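What the coordinates show
For reference, the chains in residue letters:
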Amino acid sequence: MKRNKILSVLWISMLAFVFILSACSSKGEGGGGSAAGSSTDSEATALEPGDPFGKYDPPIQLDAVRFVGEEVKFPSGQDIKNNVWTDLYKEMGINLNYKWVVTGQEQYESKMNIAIASNDLPDIMQVTPEQLRQLADAGQLADLTPAFENYASDDLKQVMEIEKNALPSATFDGKLLAIPSTQPVIGGSAPLLWVREDWMEKLNLPEPNTMDDLVAIAEAFAKQDPDGNGKADTYGLALTKDIGLNSSSVGFFNGFGGFPQIWIEDAEGQLQFGSIQPEMKEALAKLQDMFKNKLIDPEFGVKDTVKVFESVTTHKIGMLIGPSWYPAWPFWDMVKEDDSVNWKSYPIPSLEGGPATVQMPFAVSQYYVVKKGYEHPEVIVKLANQYYEKLYSDHAEFDKYGQIIEDGVSIGVNKYSLVEVVNPNKDLIRQEELAQALESESDADITSAETKIMFKEFQEYLAGNNPMGWSGYAANGPEGSMKQLRDLNDAGKVISNGYVGAPTETMADKKATLDRLEQETFIKIILGEASIDAFDEFVANWKKLGGDKITEEVNAWKAAR
């Protein structure tokens, strides 16, 4: 009996020794924080501090999927699977393999839904908030909490601190399940009023200060032949078919104090859905009246943004509401053909006069996730580190990884990166630095290589040597559209969604139906196919069909923060 006990102790001791030896061996092969800066970074060592930029040795295999927009161009001899970013990943010890690549985000989201449903997931992938919620609920995602804590670079951590809701929006039951793709949404989405200033001057019209002024200008553009061709073929205000979903109509609602598709606080501090508030009804009534009087393109109900731009560039539209980047497209297409064309931006006017408060989306609309069980979950953090390091840090190589010139054509090679994490204040910082640099005639205080390139382009444009610089200057110059947004932001007149959590349980089930109801009702009201009182019926149905439950869930989320 005693002998059996001794053998048992020896056997247990041997097992313990093997376990310790195995653990030490595994740790010795990895360790991103090693002096050599190399790491195998297994799932176990992701729990320990590591080098944010450490190389994998031996290299690791990484399967991914992605979409490539139609606007993305490649230098000669390169494609999405062979470019400066895939070369960088190889230097990091990452063998990147794309399981599939599609064109366009909508196609990607559709194919990603199929991959989720069939549990045919790559190692890492980009997902929407709805897909993130679905994967989280199904337990299909790796916990990235230790990976972010131990591998995120100082720059990446700072970005996530600037948008304080980014990481919480990707956290479920205390676990970080995604790296948010933060974006500078104020420049890309916050609405401004763009007006054909040459038509304004021809018709001797005053600048818009109220929403009534906006309507009066629209009427003049529609009925006073601003293009001088003797035909009634121009319209005052452009709209797309996505009423309340993009800036063309969002800005109009903002002028009336309405905030569609976002959650706003009421007087008691409770979150309420902006699309069902009474200010929306007032704005819809005005749009209905404008459509009846032919101030709006009668075919708006079938036009997306591209189709609206076709109307703009063929001189059929005198006013549209949109973001700060419109000088790049569609206005530049007009200006380069006829320099008498002049588009000017104004803050969205309010009902009572002066700039209205405008809305922008949450700075995160996409997330990067890692499949549960993948051996190297920290790799997604390292990829995010590298993106910011190569484009925006003090060690940036923007002329290699951001933008290159080939045969006189600018190519945005930053689009090839598998991940994208940007300072949410990037647009505001860029405009301020450019204005200061133009005043001092020096780029000494500009912090990013990208902005220094733009400053040089501005100098060439102002010297008459770079006509293409018009679009950048109109957006980011001292009095450009971004300056107007910066002033609005400084004045507290730019707001974002009050709810930034993952879709609630009822949202996941009912939001698509409620959004469709909203779209159908709003378009029918504007077209005059339904009376303005249809808005009240919409509100009642929205509440009954799940809206009240969503409101309850949203405010429970707010109370728990």
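Note: the structure precedes this text.
Let us look at the structure shown here. Note that the structure is predicted; figures quoted are calculated from it, not measured. (Residues numbered from 1 in each chain as written. Predicted model: local features only at pLDDT ≥ 70, side-chain atom pairs only at ≥ 80, totals over all residues. Heavy atoms only, no water.)

In terms of helices and strands, the chain carries 22 helices and 18 strands. The dimensions of the chain, computed from C-alpha atoms along their principal axes, are 110 × 60 × 40 Å. Residues classed as buried in the chain amount to 52% of the 561 residues present. Restricting to contacts in the chain with at least 6 residues of sequence separation, those with at least 24 account for 72%. (Helix = DSSP H or I, 4+ residues; strand = E, 2+ residues; numbered from the N terminus. Buried < 20%, exposed > 50% of the residue type's maximum accessible area, 1.4 Å probe, protein only. Contact = heavy atoms within 4.5 Å.)

On the basis of which strands lie adjacent, the open sheet formed by 3 strands has the order β12-β9-β13 and antiparallel pairing. Looking at strand neighbours, the two that pair on one side only are β12 (319-322) and β13 (343-346), the edges of this open sheet. Across the sheet, the mean angle from the axis of one strand to that of its neighbour is 30 degrees, orientation sign disregarded. In terms of strand pairing, strand β9 (residues 192-196) meets β13 through 4 bridges, oriented antiparallel. Directly across from W194, in β13, lies its bridge partner S345. Against the sheet, helix α10 (residues 211-223) touches β9 and β12, its axis set at about 135 degrees to β12. Of the strands in this sheet, β9, β12 and β13 are in contact with helix α14 (residues 327-335), which crosses β9 at around 5 degrees. (Pairing = 2+ DSSP bridges. Axes fitted to C-alpha atoms, helices over the stretch in contact; angles between N-to-C directions.)

A cis amide bond links D57 with the next residue in sequence, P58, at an omega value of 10 degrees. Look at the link from W329 to P330: it is a cis peptide, with omega at 20 degrees. Structurally, P330 is set in helix α14. One non-glycine residue with positive phi stands out, namely Q261, at about 65 degrees. Counting through the fold element by element, Q261 comes out in the loop between α11 (247-255) and β10 (263-265). You can call Q261 buried: its relative accessible area is 18%. At H315, a position not held by glycine, the phi torsion is positive, near 65 degrees. When you line up the elements, H315 lands in the loop between α13 (305-313) and β12.

Moving on, we get to helix α20 (residues 481-490). Along an α-helix, residues three or four apart share an orientation, since each turn contains 3.6 residues. By the burial criterion, the buried members of α20 are S481, M482, Q484, L485, R486 and L488. Residue G492 follows α20 closely and has a positive phi angle near 75 degrees.

Okay, the packing of helix α3 (residues 105-117) against helix α4 (residues 129-137) next. Running from N to C, α3 and α4 cross one another at 5 degrees; their axes reach a closest spacing of 11 Å. Taken as axis vectors, α3 and α4 run roughly parallel relative to one another. Counting all contacts with α3, which are made through E109, M112, N113 and I116, the residues of α4 involved are Q131, Q134 and L135. Split by residue class, the contact of α3 with α4 holds 3 nonpolar, 3 polar and 1 charged. (Parallel < 35°, antiparallel > 145°, perpendicular 65-115°, else oblique. Nonpolar A, V, L, I, M, F, W, Y, C, P; charged D, E, K, R; others polar.)

With that out of the way, let us pick up the pattern of salt bridges. Close approach of charged atoms allows side chains of opposite charge to pair. Per the counting criterion, the structure on display carries 21 salt bridges. Between K316 and D233 there is a salt bridge, with the nearest N and O atoms lying 3.1 Å from each other. Here D233 lies in the loop between α10 and α11 and K316 lies in the loop between α13 and β12, a separation of 83 residues in the sequence. Residue classification places K316 among the partly exposed residues on the basis of a relative accessible area of 29%. A salt bridge links D515 to K511; its shortest N-O distance comes to 2.7 Å. A residue pair is termed a helical-turn pair when its members lie 3 or 4 positions apart in one helix, as D515 and K511 do in helix α21 (residues 505-527) at 4 residues. For K511, a relative accessible area of 29% gives the class partly exposed. By sharing partners, the salt bridges in this structure join K281, D533 and D536 into a single network. (Salt bridge = Lys/Arg side-chain N within 4 Å of Asp/Glu carboxyl O.)

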